[in-house]
Amino acid sequence: MTRPLDSLRPHFNKARPLGAVLLALWATASGAELVNGAQIPDGAQKVGENRYRASRDFEATLDYYKNVYPTSSYPRRSIVNQPGVKAVHISNPSGKNFEGLNIYEANEEVRIYVVPLQGAAKPAKKTEGKPVRKTK
């Protein structure tokens, strides 16, 4: 049986490479967590405020951030390079949401620290106590 060429019915048996690529990119980007606008890799565990333990090794974590934050737009500089300790700072030139990222390895553990903006307002501490009375 032949199909007419002017049929309006879609042909689902044709390859759709663009759709597959977009689906893969969406699946990759949707799984990553954002902290103050900075992307944290999948599998990272929170260990403190703005601090995360990466599930990958140091080189794999740097490769991840090369894809997320290209070196041409996000400058990097080595912070420490001593035996047993490696650290790299990735600057955020836009200055929006976060100042940069510190990625470091120590004691066979890779950590990520999201450096908050210096001017970021910190929540005020509530003082619990007796209210002050006005005197006449």
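What counts as what
- Residues numbered from 1 in each chain as written.
- Predicted model: local features only at pLDDT ≥ 70, side-chain atom pairs only at ≥ 80, totals over all residues.
- Heavy atoms only, no water.
- Salt bridge = Lys/Arg side-chain N within 4 Å of Asp/Glu carboxyl O.
- Helix = DSSP H or I, 4+ residues; strand = E, 2+ residues; numbered from the N terminus.
- Buried < 20%, exposed > 50% of the residue type's maximum accessible area, 1.4 Å probe, protein only.
- Pairing = 2+ DSSP bridges.
- Axes fitted to C-alpha atoms, helices over the stretch in contact; angles between N-to-C directions.
- Contact = heavy atoms within 4.5 Å.
- Arc of directions from axis to C-beta.
- Polar contact = N/O pair within 3.5 Å; in protein donor to acceptor, adjacent residues only side chain to side chain.
- pLDDT = per-residue confidence, 0-100.
- Core = buried A, V, L, I, M, F, W, Y, C linked by side-chain atoms within 4.5 Å.

1. Things to note about the pattern of salt bridges
Counting across every chain of the model gives three salt bridges. Note that E105 is salt-bridged to K86, the shortest N-O span being 3.8 Å. In this pair, E105 is assigned in strand β7 (residues 98–106) and K86 in strand β6 (residues 85–91), connecting sequence segments 19 residues apart. Exposure remark for K86: the relative accessible area of 33% places this residue in the partly exposed category. Residue E109 is joined to R111 by a salt bridge in which the shortest nitrogen-to-oxygen separation is 2.7 Å. Salt bridges here are not isolated pairs; linked through shared partners, they connect R53, E109 and R111.

2. Description of the sheet that holds strand β8 (residues 109–116)
Taken in spatial order, the six strands make up an open sheet running β3-β4-β8-β7-β6-β5, and their pairing is antiparallel. Of all the strands in the sheet, just β3 (45–48) and β5 (76–82) have a single pairing partner and so form its edges. Across the sheet, the mean angle separating the axes of adjacent strands is 20 degrees when strand polarity is ignored. Across the sheet, helix α2 (residues 58–68) touches β5, β6, β7 and β8, and the angle it forms with β7 is around 160 degrees.

3. Here's the deal with α2
Taken together, the buried positions of α2 are occupied by F58, T61, L62, Y64 and Y65. When α2 is viewed along its axis, its buried side chains cluster within an angular range of 155 degrees and face the same direction.

4. Focus: the pairing of β8
Two strands pair when backbone bridges link them, and strand β4 (residues 51–53) and β8 are joined in this way by three bridges, in the antiparallel orientation. Residue pairing across strands places Y52 opposite I112, the latter belonging to β8. Here β7 folds back onto β8 in antiparallel fashion, the turn holding two residues, of which N107 has a positive phi close to 55 degrees.

5. Observations concerning the side chain of Q39
One can find Q39 in strand β2 (residues 38–40). Residue Q39 is classed as buried on the basis of its relative accessible area, which comes to 18%. Within the structure, Q39 has its side chain in polar contact with the side chain of Y64 (distance 2.8 Å). When sequence neighbours within four positions are dropped, the list of residues in contact with Q39 reads A32, E33, L34, Y64, Y65, V68 and Y69.

6. Here's the deal with the confidence of the model for the protein
Across the protein, the average pLDDT comes to 78, with 64% of residues at 70 or higher. Predicted confidence in the protein is weakest over helix α1 (residues 17–31), with a mean pLDDT of 49, and strongest over β4, with 95. Note that residues 20–24 has pLDDT below 50 and, in this model, zero contacts with residues that lie over four places away or in other chains. Every residue in residues 26–30 is under pLDDT 50, and counting partners more than four places away or in other chains gives zero contacts.

7. Quick word on the nonpolar core
Counting residues in hydrophobic clusters, the biggest one holds 20 residues, and the most contacted among them are I40, Y65, L101, I103, I112 and V114. At four residues, α2 tops the list of elements feeding residues into this core. Apart from residues lying up to four places away in sequence, I103 is in contact with F58, T61, L62, Y65, K86, A87, V88, I90, V110 and R111.

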